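Spelled out, the chains give:
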Amino acid sequence: MKPIRIGILGLGTVGQSVARALLERRDLLARSAGAPLVLQRAVVRDLDKPRAIPREQLTTEIARVTEADDIDVVVELMGGLEPARTVIEAALSRGKSVVTANKRVVSWHGPSLLSLAAKKGAELRYEAAVGGGIPLIAPLLDDLAANRLLELRAIINGTTNYILTRMAAGDTLDVALAEAQRLGYAEADPSDDVDAVDAADKLAILVRHAFGLTVPPREIFRQGLRGLDPRDIAYGREFGYALKLLALARRGTNGIEARVHPAFVPIAHPLARIDGAQNAVHVVGDLCGPVMFSGQGAGGDATASAVLADLLHVSRRMALGDPAPTVRDFGPEPKLAPLAEARTRCYFRLAVEDQPGVFAQVTQVLAQQSIGLASVLQREPGKMGSAEVVLLTYAAPEAALASAEEQLARLSCVRAVRARIRVEGGDSGGAA
Ligand code: NAP
Ligand code: HSE
């Protein structure tokens, strides 16, 4: 059987795992692909770093992979928008199928690159771009295709989930982030993880496959972990919630809601049990009901598993001589719903003066915005002299919750609104 010749762009955390697996699992992969998979060449920046493959197979010239006649499939694992996008385009333009783990390129340029691939009879596959080793893209496109998906709630950034898990155990964000970097979970620029840029990129990919909405990641509301206080994690626990960086999309009356932000999730919800670098995507389909995909969301070997699955898919098709698939028709394109209309429950933590009448003023602000109050916690003044009030509301529109935050901050009895955190995944109930 004619071998499938592979060129890898990037031999870092993921690239090294893919290269090692291609060498160490040669027989298993050949049986599954229907042809031997041969790692022909890999591109790196620094030829002197130790690598999983002999130095003779390394190059710093990208064209020796994208334009070479002895490469059939290109695996892009460099990361970042450029030069990755241009390089993927160059490979597809030459009719070479491309497998990538690059959520940035796929979220910003996926549709145009998929069209180019189809025009050139090639394939672009990116299972590893969301959820590391968890199969997500293929199940959304194939196994759940008969469903109208209603809602998706996901933990899709391993670094931030790892950080929140460590913060819940008493570590600071900085210490936990340094450890996530050491373990190979974080992006080259870790602020992409901490500021939810990476999660918004991945959500943009998921909403396209789950709801047929093509949205640039910059239009997705995102809020990261900065400013989160471990006390909020502790108070949340008292109310029965775990704090997660949640990516959420939902079919509403005015389009598809899509947002990424820290959120309290009831501890009984399956997402609350997703800890460390684990990821999970919980979807609700109109036929299948709730389904959750979970597993290792970051790390070299787990991500290599998804990259290799795509490689096997492309190789099988090439080995059988089948044509590349055409661009998927997602039907009429829905709109992105405005954030102001999203309804959530909400958690507020206020630093207040220790004086009579505070509670009446606070509840009046909520009542003016028609926000129902579900629970209250009050703490006596600490060393700084201010008392702390923690409120949990019933579901209300985002616009009303944001106005309430502003008005609370203006009350003379409120020293500061220390936190406003949305609550997701429970009974939204109540008098809102
Ligand atoms: P990484 O460890 O930073 O490795 C990047 C590799 O690409 C390095 O080998 C680097 O070469 C090479 N490279 C970067 N820019 C290059 C350029 N302009 N020319 C030639 N080579 C270049 O990254 P990674 O963590 O493996 O991530 C790779 C991709 O997978 C990214 O898109 C990432 O978002 C995605 N991903 C990562 C994970 C994960 O857990 N790490 C999970 C899912 C998806 P040198 O080694 O010489 O510097
Ligand atoms: N930095 C990413 C994360 C890598 O932590 O989820 C996996 O995409």
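See the structure printed just above.
A brief look at the structure comes next. (Residues numbered from 1 in each chain as written. Chains lettered and ligands numbered in written order. Predicted model: local features only at pLDDT ≥ 70, side-chain atom pairs only at ≥ 80, totals over all residues. Heavy atoms only, no water.)

1. Let's talk about the site of ligand 1
For clarity, the cut-off: Only a single heavy atom is needed: when it lies within 4 Å of a molecule or strand, its residue is near that molecule or strand. Counted as a polar contact is a pair of N or O atoms within 3.5 Å, where, for protein atoms, one must be capable of donating a hydrogen and the other of accepting one, and residues adjacent in sequence contribute only when both atoms are in side chains. Note on areas: Shrake-Rupley, 1.4 Å probe, and residue coverage restricted to the protein chains presented here. Residues are called lining when one of their atoms sits within 4 Å of a cavity or pocket point, these points coming from a 1 Å grid over the protein atoms alone, where a cavity is a set in which a 1.4 Å probe fits but cannot get out and a pocket is an open set with protein on both sides within 12 Å along at least five of seven lines. Cavity and pocket membership follows a simple rule, namely that a molecule belongs there if more than half of its atoms are within 2 Å of the grid points. Any residue that is not Ala, Val, Leu, Ile, Met, Phe, Trp, Tyr, Cys, Pro, Asp, Glu, Lys or Arg is counted as polar, Gly included; the first ten are nonpolar and the last four charged.
As a matter of local geometry, ligand 1 sits amid 24 residues, with V14, D46, R51, K103 and G299 nearest to it. At 2.9 Å from an oxygen atom of ligand 1 is found a main-chain nitrogen or oxygen belonging to L11. Between ligand 1 and G184 there is a distance of 3.3 Å, counted from a nitrogen atom to a backbone nitrogen or oxygen. Contact with the protein chains removes 85% of the 900 Å² of surface that ligand 1 exposes when unbound. Under a 2 Å grid-point criterion requiring more than half of the atoms, the pocket assigned to ligand 1 is the largest pocket. Grouping the constituent residues of the shell around ligand 1 by class yields 10 nonpolar, eight polar and six charged.

2. Quick word on the environment of E405
Rule in force here: Note on conventions: DSSP H or I runs of at least 4 residues are helices, E runs of at least 2 residues are strands, and numbering of each starts at the N terminus. Think of it in three bands: with a 1.4 Å probe and only protein chains considered, a residue is buried below 20% of the maximum accessible area for its type, exposed above 50%, and partly exposed in between. In what follows, residue pairs with any heavy atoms lying within 4.5 Å of each other are defined as contacts.
Among the structural elements, E405 can be located in helix α14 (residues 398-410). Exposure remark for E405: the relative accessible area of 28% places this residue in the partly exposed category. Counting along the chain gives 178 residues from E405 to G227, while the straight-line C-alpha distance between them is 16 Å. Sequence-distant contacts of E405, defined by excluding residues within four places in its chain, comprise F348, V417 and R420.

3. Quick look at the side chain of E76
Structurally, the position occupied by E76 is in strand β4 (residues 73-76). For E76, the side chain forms a polar contact with the side chain of N102, separated by 3.2 Å. Residues within four places of E76 in sequence aside, it is in contact with L9, A84, I88, V99, T100, A101 and N102.

4. Details of the site of ligand 2
With respect to spatial proximity, the complete set of residues near ligand 2 consists of K103, N157, G158, T159, Y185, A186, E187, D193, D198, K202, G297 and A298. A distance of 2.6 Å separates an oxygen atom of ligand 2 from a polar atom in the side chain of T159. Within the side chain of K202, one N or O atom sits 2.8 Å away from an oxygen atom of ligand 2. Protein chains bury 92% of the 260 Å² of accessible surface belonging to ligand 2 in isolation. Put simply, ligand 2 lies in the largest pocket.

5. Here's the deal with the packing of helix α5 (residues 103-119) against helix α10 (residues 197-211)
Cut-off, in case you're wondering: Axes here refer to lines fitted to C-alpha atoms; in helices the fit is confined to the stretch in contact. Angles between the N-to-C directions go from 0 to 180 degrees. By the definition adopted for this analysis, an angle is roughly parallel if under 35 degrees, roughly antiparallel if over 145, roughly perpendicular if from 65 to 115, and oblique otherwise.
One way to put it is that α5 packs onto α10 with a least axis distance of 7 Å and a crossing angle of 30 degrees. Put simply, α5 runs roughly parallel to α10. Only V197, D198, D201, K202, A204, I205 and R208 of α10 make contact with α5, whose side of the interface consists of K103, R104, V106, S107, W108, P111 and L114. In the contact of α5 with α10, the residues fall into seven nonpolar, one polar and six charged.

6. Details of the pattern of salt bridges
Selection criterion: Any Lys or Arg side-chain nitrogen located within 4 Å of an Asp or Glu carboxyl oxygen qualifies as a salt bridge.
On inspection of all chains with the given rule, the structure shows 36 salt bridges. A salt bridge links K103 to E187, with the nearest nitrogen and oxygen atoms 3.0 Å apart. Separated by 84 residues along the polypeptide, K103 in helix α5 and E187 in the loop between α8 (173-182) and α9 (191-194) bring together distant segments of the chain. For K103, a relative accessible area of 13% gives the class buried. Two residues, E388 and R349, come together in a salt bridge whose shortest N-O distance is 2.8 Å. In this pair, E388 is assigned in strand β15 (residues 387-393) and R349 in strand β13 (residues 343-352), connecting sequence segments 39 residues apart. Residue classification places E388 among the buried positions, given a relative accessible area of 10%. Members of the salt-bridge network, linked through shared partners, are E151, R153, R250, E257, R259 and E424.

7. Observations regarding the state of the cysteines
For clarity, the cut-off: Here, a disulfide means two cysteine sulfur atoms that sit within 2.5 Å of each other.
The full count for this structure, using the stated rule, is zero disulfides. Here C346 stays free of any disulfide, with the sulfur of C413 as its closest cysteine sulfur at 18 Å. Classification of C413 as buried rests on a relative accessible area of 0%.

8. Quick word on the nonpolar core
One recurring pattern in soluble globular proteins: nonpolar side chains tend to sit buried together. Applicable threshold: Here the nonpolar core consists of buried residues drawn from Ala, Val, Leu, Ile, Met, Phe, Trp, Tyr and Cys, with membership extended through side-chain atoms lying within 4.5 Å.
Among the nonpolar cores identified, the biggest contains 77 residues, and L152, I156, L203, V260 and Y347 are the most heavily contacted of them. A total of nine residues in this core trace back to one element, the largest contributor, which is α10. The next biggest cluster of nonpolar side chains, apart from the first, holds 31 residues, and it includes L29, A33, A35 and A101.

9. Structural notes on the packing of helix α7 (residues 158-168) against α8
Condition: Should the near helix be turned anticlockwise from the far one by less than a right angle, the crossing is termed left-handed; should it be turned clockwise, right-handed.
In contact at an axis separation of 9 Å, α7 and α8 are set at 135 degrees when each is read in the N-to-C sense. Taken as axis vectors, α7 and α8 run oblique relative to one another. Of the two possible hands of crossing, α7 and α8 adopt the one that is right-handed. In contact with T159, Y162, I163, R166 and M167 of α7, α8 contributes L173, V175, A176, L177, E179 and A180. Partitioned by chemical class, the residues of the contact of α7 with α8 number eight nonpolar, one polar and two charged.

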